[in-house]
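Spelled out from the first residue to the last, the chains are:
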Amino acid sequence: MTSLILRTGARVLMPLLLLFGVFLLLRGHNEPGGGFVGGLVVAAAYALHSFAFGVAAARRALLVSPRRLTASGLLLALGSGLLGPAGGKEFLASLWPAPEMGIGTPLLFDLGVFLVVIGVVLTMTFTLFEEL
Amino acid sequence: MRPEMLVYAALVLVSAALLIAFVRVVRGPTLPDRVVAVDLIGVCAAGLSVLGAAVSGQRGFLDAAVVIALLGFLGTVAYARYAEKESLK
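Residues numbered from 1 in each chain as written. Chains lettered and ligands numbered in written order. Predicted model: local features only at pLDDT ≥ 70, side-chain atom pairs only at ≥ 80, totals over all residues. Heavy atoms only, no water.

Trainee: Describe helix α1 (residues 3-27) of chain B, listing the residues and the values that go with them.
Mentor: Residue and element names in this part refer to chain B. Under the 1.5 Å per step criterion, the end-to-end length of α1 is 37 Å for 25 residues, consistent within 8% with the ideal 36 Å. When we look at burial in α1, the residues that qualify are Leu11, Ala21 and Val25. On its buried side, α1 packs onto α2 (31-56). (Helix = DSSP H or I, 4+ residues; strand = E, 2+ residues; numbered from the N terminus. Expected span 1.5 Å × (residues − 1). Buried < 20%, exposed > 50% of the residue type's maximum accessible area, 1.4 Å probe, protein only. Contact = heavy atoms within 4.5 Å.)

Trainee: Lay out the packing of aromatic side chains with the relevant residues and their values.
Mentor: Residue and element names in this part refer to chain A. For the structure on display, the rule yields two aromatic pairs over all chains. Seen from their ring centres, Phe20 and Phe23 are 5.7 Å apart, and the 35° between their planes marks the pair as tilted. With Phe20 and Phe23 both in helix α1 (residues 4-27) and three residues apart, the pair spans about one turn of that helix. Overall, the relative accessible area of 37% leaves Phe23 in the partly exposed class. (Phe/Tyr/Trp six-rings, centres within 6.5 Å; stacked < 30°, edge-to-face > 60°.)

Trainee: Got a sec to walk through the interface of chain B and chain A? Specific residues and values, please.
Mentor: Each partner contributes to the interface: chain B provides 14 residues, whereas chain A provides 18 residues. Taken together, chain B and chain A are joined by one salt bridge. Taken together, the connections running from chain B to chain A amount to two residue pairs in polar contact (both at pLDDT 80 or more). Of the residues that constitute the side of chain B that touches chain A, the class distribution is eight nonpolar, one polar and five charged. (Salt bridge = Lys/Arg side-chain N within 4 Å of Asp/Glu carboxyl O. Polar contact = N/O pair within 3.5 Å; in protein donor to acceptor, adjacent residues only side chain to side chain. Nonpolar A, V, L, I, M, F, W, Y, C, P; charged D, E, K, R; others polar.)

Below you can see the structure in the form of structure tokens.
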């Protein structure tokens with residue numbers, strides 16, 4: 001059932017995948033990437049962890065429940081949209097307090113998408129895998 | 001002979017390998033044959049992606065290759081677990 005090769009490989013690959021997911025999220029403004037792809041890569045990293053060490057261990061490694069991740073991501077995306085009206089512009093308008101660093105409300109929105117994708121994909125994966 | 005010719009030759013060869021692996025997926029008599037062939041298709045896709053980056057100069061293809069290379073084996077692992085479960089029944 002549990003394979004030593006898979007466990008060792010997962011231990012090496014997991015940090016790489018998490019780092020690459022965050023890299024895709026942060027680079028996604030003008031180049032290929034973004035919250036959705038980054039979220040998928042991070043979710044795949046946790047799916048790999050659940051393959052190697054079991055679903056319970058993957059849930060512990062995630063620290064928060066996937067459902068809570070989905071909810072907080074949706075709230076974050078909504079909040080980034082509401083910052084526009086607060087700044088005197090329309091809903092979902094982009095505000096760039098530090099444009100030279102690429103930091104603005106689109107990054108917040110993308111972070112929300114990132115969390116929603118991780119939450120939804122991991123809810124599906126963990127549920128399927130627990131039933132298997 | 002120009003260096004681009006080598007890239008195009010590699011594109012043709014990797015595409016041929018992908019097609020042959022696909023034939024094995026369709027015809028493969030047992031499940032392990034098909035699983036290994038699907039894994040090979042993933043490796044070929046990563047190679048094609050890198051070659052596409054070399055031909056077009058688009059750096060985005062390299063990221064796709066990294067994702068395919070890192071995650072390609074995940075499906076194989078899932079199939080392996082499934083095959084293990086089936087054989088235990």
